[in-house]
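Breakdown of the fold
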Amino acid sequence: MNTLTSPPDLTGLRAVVTGAGSGIGAALARRLATCGASVMVNDLDADRAARVAAEIGAAVVAGDAASDEGAGELVAAAIADLGGVDLFCANAGVPTAGGPETTDAEWQQAWTVNVMGHVHAARHLLPGWLERGRGHFLATVSAAGLLTMPGAAPYAVTKHAALAFAEWLALTYGDRGVRVQALCPQGVRTPMLSRLGPLGQGLLGPASISPERVAEVAVSALDQPQFLVLPHPEVARFYAGRAADTDAWLAGMRRLVARVEAEAPSGE
């Protein structure tokens, strides 16, 4: 469980946030700036990125941070403009609904953004972080990476992979000064929630929280030791139950999905 304290003083912290033009990314950028950090805003949508950056007095680099080239350019720009990167928030993501019938192109986009964006960022950050013995990687994963997301196989699968990569980074470089945390909210009131389809909205909507709440929990956890950052504390219990008795958990999830589908308005 994450217990909120007073906002930390992040004066001097140099932070990069991807997917920061809206949603959780924009909320993270605002929260970091409010706490005194120097922030670089990144988003594929240049206009949105510019608006958030202007609002908080941040640097801005628009572009595709999921690609290896884009990640390298973003890290280089942050080093040039901020003097370095202390915290990298790998937040950009895409919510892809559907199952095996989803097109290969959609599966590939989910893989590229939700997983390889983190891999590419780490590739360009680690040499400098390991040389100086310090760095912090905050991966926005989602509770879907700990549990699953009914009705959205590409999202669930790639978020599992994002969590696995964050775990790998933590165990491989944790004793060399690199801190890694996985931010795993459930439903968040952003446009992404609607793109997970009626089933996703039915399952996550009732307990959804604001992006600002997610950012508040995440930033408050930056100086805490835990790997998992859970804006919905109940996710820890769900995750433990899944591991302790997977068959019972799967049966319970099937019942939950059936109930949500039965309660959905006709035509959805």
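Structure: see above.
Residues numbered from 1 in each chain as written. Predicted model: local features only at pLDDT ≥ 70, side-chain atom pairs only at ≥ 80, totals over all residues. Heavy atoms only, no water.

Some thoughts on the pattern of salt bridges
It is possible for side chains of opposite charge to pair when their charged atoms get near one another. How we decide: Throughout this description, the term salt bridge denotes a Lys or Arg side-chain nitrogen within 4 Å of a carboxyl oxygen of Asp or Glu. A run of H or I in DSSP counts as a helix once it spans at least four residues, and a run of E counts as a strand once it spans at least two, with each numbered from the N terminus. We call a residue buried when its accessible area falls under 20% of the maximum for its residue type, exposed when it is over 50%, and partly exposed in between, using a 1.4 Å probe and counting protein chains only.
Counting across every chain of the model gives seven salt bridges. Here Arg 132 and Asp 86 are joined by a salt bridge, their closest N and O atoms 3.0 Å apart. Of this pair, Arg 132 sits in helix α4 (residues 104-132) while Asp 86 sits in the loop between α3 (68-82) and β4 (87-90), and the two are 46 residues apart along the sequence. The partner of Arg 213 in a salt bridge is Glu 216, and the shortest N-O contact between them spans 3.6 Å. Residue Arg 213 and its partner Glu 216 are both found in helix α8 (residues 211-220); the two are separated by three residues, about one turn of the helix. Judged by its relative accessible area of 35%, Arg 213 falls in the partly exposed class.

Topic: the environment of Ala 122
As a reminder of what qualifies: Two residues form a contact once any of their heavy atoms are found within 4.5 Å.
Along the polypeptide, Ala 122 turns up in helix α4. Counting along the chain gives 32 residues from Ala 122 to Ala 90, while the straight-line C-alpha distance between them is 9.4 Å. If we skip the residues at most four places from it in the chain, Ala 122 touches Pro 127, Phe 137, Phe 165 and Leu 169.

As for the pairing of strand β5 (residues 135-140)
Test applied: The handedness rule is simple: strands pointing away from the viewer, and a clockwise path from the first strand over the helix to the second, make the crossover right-handed. Pairing between strands requires that DSSP locate at least two bridges from one strand to the other.
Counting buried positions along β5 gives six out of six residues, so the element sits mostly inside the fold. Side chains Gly 135, Phe 137 and Ala 139 of β5 all project onto a buried face; the interleaved residues His 136, Leu 138 and Thr 140 project onto the opposite face, where all are buried too. Each parallel crossover has a hand, and the one from β4 via α4 to β5 is right-handed. In terms of strand pairing, β5 meets strand β6 (residues 178-183) through six bridges, oriented parallel. The residue of β6 that forms the bridge with Thr 140 is Leu 183. Tracing the backbone out of β5, into helix α5 (residues 153-173) and back to the parallel element β6 gives a crossover that is right-handed.

Re the sheet that holds strand β1 (residues 14-17)
The seven strands are arranged β3-β2-β1-β4-β5-β6-β7 in an open sheet whose pairing can be described as parallel. Two strands bound the open sheet, and with one partner strand each, they are β3 (59-62) and β7 (228-229). Two elements, β1 and β4, share three bridges in a ladder whose sense is parallel. When the sheet's bridge partners are listed, Val 16 is paired in β4 with Phe 88.

Some remarks on helix α2 (residues 46-56)
Quick reminder of the rule: In this context, the arc is that of the directions from the helix axis out to the C-beta atoms. Throughout this description, a polar contact denotes any pair of N or O atoms lying within 3.5 Å of each other; where both atoms belong to protein, one of them has to be capable of donating a hydrogen while the other can accept it, and for residues adjacent in sequence the pair is counted only when both atoms sit in side chains.
The complete set of buried residues in α2 reads Ala 49, Val 52, Ala 53 and Ile 56. Seen end-on, α2 carries its buried residues on one side only, within an arc spanning 100°. Exposed and oriented more than 90 degrees from the buried face of α2 are Asp 47, Arg 51, Ala 54 and Glu 55. One side-chain oxygen of the residue at the start of α2 lies 3.1 Å from the amide nitrogen of Asp 47, identifying that residue as Asp 45. After α2 finishes, the residue Gly 57 shows a positive phi value of roughly 70°.

Things to note about helix α1 (residues 23-34)
This is how it is decided: Any helix carries an expected span of 1.5 Å times its number of residues minus one.
With twelve residues, α1 should cover 16 Å at 1.5 Å per step; its first-to-last C-alpha distance of 17 Å lies within 8% of that length. What α1 keeps buried is the set Ile 24, Gly 25, Ala 26, Ala 27, Leu 28, Ala 29, Arg 31 and Leu 32. At the exit of α1 stands Gly 36, carrying a positive phi of roughly 105°.

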